[in-house]
Amino acid sequence: MSHAGALARVEAALASATRVEAQLHAFLSLDPAGARRRAAELDAQSGPRGALHGLPFAVKANLCWSGVETNAGSALLAGYRAPYTATAVQRALDAGAVALGVTNMDEFGFGSSGENSAFGPAHNPWDLARTPGGSSSGAAAAVASGSVAFALGSDTGGSVRQPAALCGVSGFKPSYGRVSRYGLIAFASSLDCVGVLAPDVERVASVLGAISGADERDSTCLAEPPSAAPAPRSLQGVRIGAPREHFGAGVDPRVAACVRAALSELERLGAQVIEIDLPHTHAAIATYYVVASAEASSNLARYDGVRYGRRERGEGSLQSMITATRSSGFGAEARRRIALGSYVLSSGYYEAWYVQALKVRRLIARDFERAFERVDVIAGPTSPSLAFALGERSADPLAMYAGDALTTPASLAGLPALSTPCGLVRDGSSDLPVGLQWIGPHGADELVLALGAAWQRASAHHLARPALAQEVLR
Amino acid sequence: MDSPTPSASGAPDAAAVERALRLARLAATPLEGQRFAPEFERVLASFSELARIDVRGVEPLATPSARGDVLRDDLLRPSLEREQVLANAPQPVDGFFGVPKTVGGES
Amino acid sequence: MSAAWQIVVGLETHCQLATATKLFCGCANTFGAAPNTLVCAVCSGQPGALPVLNREALDLGLRAALALGCDVAPRTKFDRKHYFYCDLPKGYQISQYDQPFCTGGGIALASGKFVRLARIHLEEDAGKAIHDRGPYSLVDLNRAGVPLIEAVTEPDLSSAAEAHEYLTALKEILQFAGVSECDMEKGSLRCDVNVSVQRPGGARGTKVELKNLNSFANVAAALEHEVARQIQLLESGGEVRQETRLYDADAGVTRTMRTKEDAHDYRYFPDPDLPLVTLDAAHVERVRSFLPELPAARRARYVAALGLSAYDAGVLTASRATSDYFEAALRHSDAPKELANWLTNEVAALFSDAASGVRSIDELPFKPFDFAELVELARTGRVTRAGARAILRAMCAQPRAPRELMRELGLETVADSGQLERWCREALVGREKIVADVRRGEEKALGALIGPVLKLAGGKADPKAVREKLLELIRAS
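These remarks concern the structure in this document. None of these values were measured; they are calculated from a predicted model. (Residues numbered from 1 in each chain as written. Chains lettered and ligands numbered in written order. Predicted model: local features only at pLDDT ≥ 70, side-chain atom pairs only at ≥ 80, totals over all residues.)

1. Some remarks on the pairing of strand 3 (residues 96-100) of chain B
On any regular strand, side chains alternate: one points to one face of the sheet, the next to the other face. Defined as follows: In this scheme every C-beta is placed from the backbone, and a residue whose C-beta has 20 or more other C-beta atoms within 10 Å is buried, one with 12 or fewer is exposed, and one in between is partly exposed. Comment: elements are numbered from the N terminus, with helices defined as DSSP H or I runs of at least four residues and strands as E runs of at least two. Strand pairing is assigned whenever DSSP identifies at least 2 bridges connecting the two strands.
Across the five residues that make up strand 3 of chain B, a large majority, five, are buried. As defined by bridge partners, strand 2 (residues 92-93) of chain B adjoins strand 3 of chain B across two bridges and the pair is classed as antiparallel. Its bridge partner lying in strand 3 of chain B, Pro92 of chain B is registered against Phe97 of chain B. Two successive antiparallel strands, strand 2 of chain B and strand 3 of chain B, enclose a turn made up of two residues, where Asp94 of chain B displays a positive phi of approximately 50 degrees. Across four bridges, the pairing between strand 3 of chain B and strand 11 (residues 136-140) of chain C is antiparallel. Bridge pairing links Gly98 of chain B to Leu138 of chain C in strand 11 of chain C.

Structure, rendered in structure tokens:
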């Protein structure tokens, strides 16, 4: 770890961020003055230092941050400044981390590429013509470019893991309920998790330790103390399950090959790789989109132009104002998902769609439970594809949804899941990162992080950096 | 919460799609006009595989949350200052949220 | 009302619970504050805010369930009810759909008819929208999130009078149980009415919902008008449309608010932000131990065990405060009838006299103990009734012990038998005719002598004692 003071670190981070910002558009806003001020305060502080002292970090635009514009990537919330701060953000700040700014994202979390941002998409530092993934697109790009020591994001169906994989950084979705959702602008209440992106798993674990734990403001937050830094573990004897379905038809063979190579490395390090089945994987996307859209249609009902957000007049009546505000404020994907959610919850369709999806959800969760009777952790590709070109999938929602095939199952089951870089694949003129996803049983966050960290101690994939990043921010 | 209708496994009902949009207070923008509904129906159709999965005897899993009986004591906590409450309001009026004039209404 | 028609009425009553804070956040549950000053991120539906259930609200709901004889569910959950309106911050109301915390129970009317409850459930209140002030409608969210119970009856009521009686009884029970103030003027009790008419033995008529009823009298009046309207419509060959109507109290009519075509699909589904709540038997019994004796039971006890008249029992139990005060005083007294008498007459008179300075039982500055002592002084003749009244007024001004005031004001009746005898003998002088009448058996004639004795005594003689002394003297002579 660097011994630089907080201010020096923050200056380096700001320099990096501003240098590449025009190319990446990772940030929706930067607050250099505020960051410097806070860093100076921290340097002047005597007494015990927080666990994240002086670390520059970025906040995804759907995490409320008092007094700062957090618009969730949506035109509808342009200008919105929350009157309170999200628990996860506050805890990171209280641990001494310094927030640099707010990162770009797909509107309200709806997307896997960043192209559904109302403020223009972020770009992938490995290839600026490609997407960094989504919806935590800016967060992944900022970490990959070396501009921040970590970023707080959110993961509902893969929105931290997938961009982490496509940008070659470590990204973690904790067990559902591990980190308070208070202040996370809600997308799907039973799926949303605050997640962490960082250059390595060790950093991820430190951040999780600071932000996790009981919060009386969130009724779904587990009443447990924050997770301690995972004790170092050996990979010797660890049983790793490789799901047949995660290496199947929809996965780019180069990605599959890269991940298989990583699994061989793990075997050489003493782990045992066992082929397993997760038979309901094929239903995960449909299940996820039905359930998540239903909850989203409900959570986004509050955006009516009455109390906050941008308002459109409509034809002069209240209801037409609400319709005009929502129709013009939400982007196409948001409207699609809200409509879908409204449909599956509506009278006559509720049982056949929503309840049916919840039953399949249970089958997906059971698949994992059965697997964990035979293995300690499950591993496979995070994303079925490499980073794709901007515009390549944006016209076809189903093509976009397909990218979530491997991340949505763990979301539906509420399991902890980590993406770690496991190699590079050449595509055209670019070297593009591949992510290895680790999935653990519910509550086994420390185990998953310990295994990921163990692998990173014994390998170097996570050290690969895009040319854009001039130095690794430690 | 009515009994299932045939639509779940067949093509989505255009009238139901329209009703869903109306319930959600959404109108497709003039630009999208023609495209939105068919695209939506296509997405729905692709998810209809769910209906064919055998879920007999399976309980719905609404949330992976392990918690139950979460209650708080009836203790006062500070409210926001009114200025904070109205800070993002599109049309604050004399300490209220202003909205287009309505007669009567839902409540 | 035409005797050929049967009236079928069901009531949905919303009562605000008497908690300190709102249902899902810690904002104050208070009426009358300046707009938007009792609001936080949660109850204003800010992005990212989350609800946390108030245990006191649940317990008060349970108390209501027990007080009304309902069956408490073993488990209960919350559902989201979606619709768009300016006073609904989240675009959905957190309510209960298919697993309310209790079902069944009900209220017995005086006629013996039992009005069954279908269910009671918990839900949060919406904010308030004002439409008659300026060019915009104005929204105040102070009320948003206040805890409510909604009690839904079966369609067991058959008249406006029964509806009025049911509401009065419901209010009384919930007030006594400490669940709700049930004050329609402050909005802590609201009532919607469902009414249809049918031929006796015929098919159930189309039901119309009436809203915007802000007093018990309006509920009854609206019902009467609506029933008349429906009957008139049907008798002239028309059809009753299923709809919601508002009651216009000034015009005395109901008007269409919205028809069934506009009916909402609320898209209920279980709220994923709120875990299931188990209502175990031990906890329910603990709540039951907090339930005070309810008005009907108290009335029965006052009549049977204390010998009060049904009327007095009714007056005493009109409010929990009065009933509690009476019982507190009773602990220091052996004379329930006298206590009741004083409360229902002399003390009640204080409330309607502006000069007394007290308008209700809650404002009495003196303790039940002192009140009991005063009543005892009057009962035993230590002071005359008039004297006791004077002491009572003095106690309103400053809560001092009645005995002290009695001495200070010189109101103690003369107990000295000798002095009394002297006054009596004096009064007898020159009144031989009356004496003769009394000796003959006309004891009523004594009445004419009591006044003069009291005058001699300067009001400090107990009329009863005077009467006895006079009789004694007359018989002895």
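2. Some thoughts on the sheet that holds strand 10 (residues 417-427) of chain A
Two pairing modes exist for strands in a sheet, parallel and antiparallel, and in both the strands are linked by backbone hydrogen bonds. Residues and elements named next belong to chain A. To keep it simple, the criterion reads: Comment: axis = line fitted to C-alpha atoms, over the contacting stretch for helices; angle = value between 0 and 180 degrees taken between N-to-C directions.
Spatially, 1-3-2-4-6-5-10-11-9-7-8 is the arrangement adopted by the eleven strands of the open sheet, whose pairing is mixed. Strands with a single pairing partner mark the edges of an open sheet, and in this sheet they are strand 1 (27-30) and strand 8 (272-276). Taking the axes of each pair of neighbouring strands and ignoring which way they run, one obtains an average angle of 30 degrees across the sheet. Relative to strand 3 (residues 98-103), strand 1 runs antiparallel, the two being bridged by three bridges.

3. Points about the sheet that holds strand 3 of chain B
Pairing is antiparallel across the open sheet formed by four strands, whose spatial order is 2(B)-3(B)-11(C)-10(C). Since the sheet does not close on itself, it has two edges, and those belong to strand 2 of chain B together with strand 10 (128-130) of chain C, each with one partner. Strand direction decides the pairing type here: strand 10 of chain C and strand 11 of chain C, joined by three bridges, are antiparallel. Bridged to Ile130 of chain C within strand 11 of chain C is Leu138 of chain C.

4. Describing the environment of Pro295 of chain C
All names here are of chain C. The criterion, for reference: Note that contacts rest on C-beta atoms placed from the backbone: two residues are in contact if these are within 7 Å.
Mapping Pro295 onto the fold places it in helix 5 (residues 295-306). Taking the C-beta count within 10 Å as the criterion, Pro295 has 23 such neighbours and is therefore assigned buried. Along the sequence, Pro295 and Pro147 sit 148 residues apart, while their C-alpha atoms lie 24 Å from each other. If we ignore the near neighbours within four places in the chain, the residues touching Pro295 are Glu172, Ile173, Phe176 and Thr317.

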